[in-house]
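# Coordinates in review
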Amino acid sequence: MLCAVDESGEKMKRVFKYIGRMKLRNKILVCFLLLISLAFAITTYSSYNVVSNLMENEVNELAAISVSQISKNIDLYLDELYRLTNMALADESFRRAIRASTGSSQQMSDSTNEIFQFLFNIHLYRSDLHSTVLYTPSGKVYTQGYIKYIEEKTTAALEPWCQEMMTDSTAHFRVVGQRTAELWPGHGSTLEVFTVARRIADINGQLLGVLVLNTYYDSLMDIFETVTNKNNARLYLQNVQGELLWQSMDDANAARNENVPFSTEGYVSISQPVSMVDWQVTIAVPRNQLFANVNSALASFYSLVIISLLGIVLMYSIFAYTFTKPLHRLTQGMQRVGKGDFSVSVPPASMDEIGELTVGFNNMTQQIKQLLNRMVEMEVREKESEYLVLQSQINPHFLYNTLEAIRMRCIVHKEREIAEVINNLSNLFRLSISRKERFVSLREELEHVKSYILVQNFRFDQKYHLDVQVADELLDYKTFKLMLQPLVENCVFHGLELKPEIGHIRISAEKAEENLVIRIEDDGVGISEANLAQLRDFLAHPSEHPDRRSLGLRTVHERIRLFFGEECGLQIESQQDEGTRITLVMPAFVDEKEVTFYV
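Everything in this summary refers to the structure shown in the same document.

### A word on the sheet that holds strand 16 (residues 569-575)
- Here we have five strands laid out as an open sheet, ordered 12-14-15-17-16, and mixed in their pairing. For this open sheet the edge positions go to strand 12 (464-469) and strand 16, each flanked by a neighbour on one side alone. For this sheet, the mean angle separating the axes of adjacent strands, direction not counted, is 15°.
- Of the pairings in the sheet, the one linking strand 14 (residues 503-512) to strand 15 (residues 515-522) comprises eight bridges and is antiparallel in character. Note that in strand 15 the partner of I507 across the bridge is I520.

Have a look at this one:
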């Protein structure tokens, strides 16, 4: 057993080794044929099952509709006969004539005419009525229709079903079904009819007789003709005891009502009961006939598959050569690059993916060559870059030292106001130039704004008044560096500079849920509705307004939305000649690790 397993393992290794040595085009061909064959097999099997199930379901649905329609037609047929017998219960003169049929000769003559006239009137209602018959308890039988006669017989001579209706007061209406009726008493001439009977009683329950309607049996069987011989379908009519009442025959010369056993084996069958009588209608469609077209289509499909596979092999041979030739050239170029020759350039044979790969390979070799040439240049410039970094660090210190020297000179000469302005200006430069961090505390931002207002007040003779209303517990929350100063500057130059009297700026802050909300309000000239609408559209779609100013507002708004999402940013409210309010919304955090950034 172990030897057999080892031998199988060795065979598998040899197979894989052989596949590994195969050319790429042969590997693709083998894999392609295997996948195509598997796909065809799965598709064929699945399609056959799906189509078979769909066809069987469709036939079941159609058969169910046909059987249901036949059942309804039979019910309608019987219901019409039932309604026709109701005329005997609604006609008082007819019932009076039946009672008078046992009286004097004159009464009997008049009643006989009345009875025949009533039976004749019923017979006129339907063209398929063979005869209308009245059986009376006295033994008289009145017949109207195909023939007209009166027959005298005893009750015992009546058929069993008629005797039962004479004696059973609960048997109001009965479907007798198929029977053989005499055309003329004693002549032996008969006809197949379909019979229904109705018990007629007086208002006090006294039996007056039994009304019988005999229709041509073929008229009932015509109901089945609408679905017989469709797809070689067969129809069966059975009673509740399982006896075969009627079936459609395969042999056209066979009797329609021949009572022979039937079987639905090899058929798709559907049954439906008839509600007014204990009958059941069954339709059966042969399976071999149902799937004959599917099997024929499947054979054609197999032939098409074989032809397709042969065509695929031929087309693949052409395709494989075209496909692998540029790959071969690219492989040779890569081998030369591996040996250190970066001057290789492989001409692309086409503009497909392989052509793009070839172009990318050529670009890669050129870039590698350029990178190698630049390495020396980068080493030379490295020292220069270090020097520039040191210089960028020295220049701010030189600026601060110079400003500090000027400030001290002003103090010596007792120019306190100028010294204070120089100090505030130095603080502004220190925050905007020296510090490299992205976020600062709200406290530091407010100090920066205060220094800015002090410098502006020096320039414009104390024209601006700054009111900061921020709780101490909010001062440690982080904001962007240089975030509030552009907004305050916007208030100064666009809202308060045009105002003749002193302008007021109020900064307030609050924490709303997880957000820090900062409001900057001024009592300046405000913004008109048209300009406010343009400004809001500019903040929402800055790329559509390339020439618009307000860069400070746009920069702050875009920074906040870039880092914290679309729900954050600036909101502007303003009324003409009343002032402007800018609301800034961003997450409230003390440590950058507490918040999620979008970049």
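### Quick word on the packing of aromatic side chains
- As enumerated under the stated definition, the model contains twelve aromatic pairs in all.
- Pairing Y82 with F173 gives two aromatic rings, centres 4.9 Å apart and planes at 90°, and the pair type is edge-to-face. Of the two residues, Y82 is situated in helix 2 (residues 24-90) and F173 in strand 4 (residues 173-182); the sequence distance between them amounts to 91 residues.
- Exposure remark for Y82: the relative accessible area of 28% places this residue in the partly exposed category.
- F173 sits in the partly exposed class, given a relative accessible area of 23%.
- Taken together, F439, F480, F563, F564 and F589 form an aromatic cluster joined through their ring pairs.
- Cation over ring: R126 sits above Y77, and NZ or CZ is 5.0 Å from the ring centre.

### Notes on the sheet that holds strand 8 (residues 244-247)
- The strand order across the open sheet built from four strands is 8-7-10-9, with neighbouring strands paired in antiparallel fashion. Single-partner strands in this sheet number two, and they are strand 8 and strand 9 (267-274). Between one strand and the next, the sheet's axes are offset by a mean angle of 20°, whatever the strand orientation.
- Strand direction decides the pairing type here: strand 7 (residues 234-239) and strand 10 (residues 279-286), joined by six bridges, are antiparallel. Its bridge partner being in strand 10, L237 is matched across the sheet by V281.

### Observations concerning helix 5 (residues 160-167)
- Turning to helix 5, its buried residues number three or more, namely W161, C162, M165 and M166. The buried residues of helix 5 occupy one face: seen down the axis, they fall within an arc of 145°. Relative to its buried face, helix 5 has exposed residues pointing more than 90 degrees away, namely P160 and T167.
- Looking at the buried side of helix 5, the elements it contacts are strand 1 (129-135), strand 4, strand 5 (190-201) and strand 6 (207-216).

### Details of the pattern of salt bridges
- For the coordinates displayed, the defined rule picks out 16 salt bridges.
- In this structure, R581 engages E521 in a salt bridge whose closest nitrogen and oxygen atoms are separated by 3.3 Å. One end of the pair, R581, is in strand 17 (residues 579-587); the other, E521, is in strand 15, and 60 residues separate them in sequence.
- Of the charged contacts in the structure, one is a salt bridge between E573 and R581, with a shortest N-O distance of 3.9 Å.

### Side note on the nonpolar core
- Core analysis: the largest hydrophobic core is formed by 44 residues, its most contacted members being I453, V488, I505, I560, F564 and L584.
- Top element by residues in this core is helix 12 (residues 484-496). It accounts for six residues.
- Excluding residues within four positions of it along the chain, I453 makes contact with Y464, L466, V488, V492 and I505.
- In this structure, F118, L129, A233 and V281 belong to the second largest nonpolar core, which totals 41 residues.

### Let's talk about unusual backbone geometry
- One non-glycine residue with positive phi stands out, namely E513, at about 60°.
- Note on E513: relative accessible area 73%, which makes it exposed.
- Positive phi is not limited to glycine here, since D577 has a value of about 65°.
- Position of D577 among the secondary structure elements: in the loop between strand 16 and strand 17.
- Take D577: its relative accessible area is 61%, and that puts it in the exposed class.

### Concerning the environment of E182
- Mapping E182 onto the fold places it in strand 4.
- Taking the C-alpha atoms as reference points, E182 and E192, ten residues apart in sequence, are found 9.2 Å from one another.
- In contact with E182, not counting residues within four places along its chain, are S189 and T190.

Analysis parameters
- Residues numbered from 1 in each chain as written.
- Predicted model: local features only at pLDDT ≥ 70, side-chain atom pairs only at ≥ 80, totals over all residues.
- Heavy atoms only, no water.
- Pairing = 2+ DSSP bridges.
- Helix = DSSP H or I, 4+ residues; strand = E, 2+ residues; numbered from the N terminus.
- Axes fitted to C-alpha atoms, helices over the stretch in contact; angles between N-to-C directions.
- Phe/Tyr/Trp six-rings, centres within 6.5 Å; stacked < 30°, edge-to-face > 60°.
- Buried < 20%, exposed > 50% of the residue type's maximum accessible area, 1.4 Å probe, protein only.
- Lys NZ or Arg CZ within 6 Å of the ring centre and 35° of its normal.
- Arc of directions from axis to C-beta.
- Contact = heavy atoms within 4.5 Å.
- Salt bridge = Lys/Arg side-chain N within 4 Å of Asp/Glu carboxyl O.
- Core = buried A, V, L, I, M, F, W, Y, C linked by side-chain atoms within 4.5 Å.

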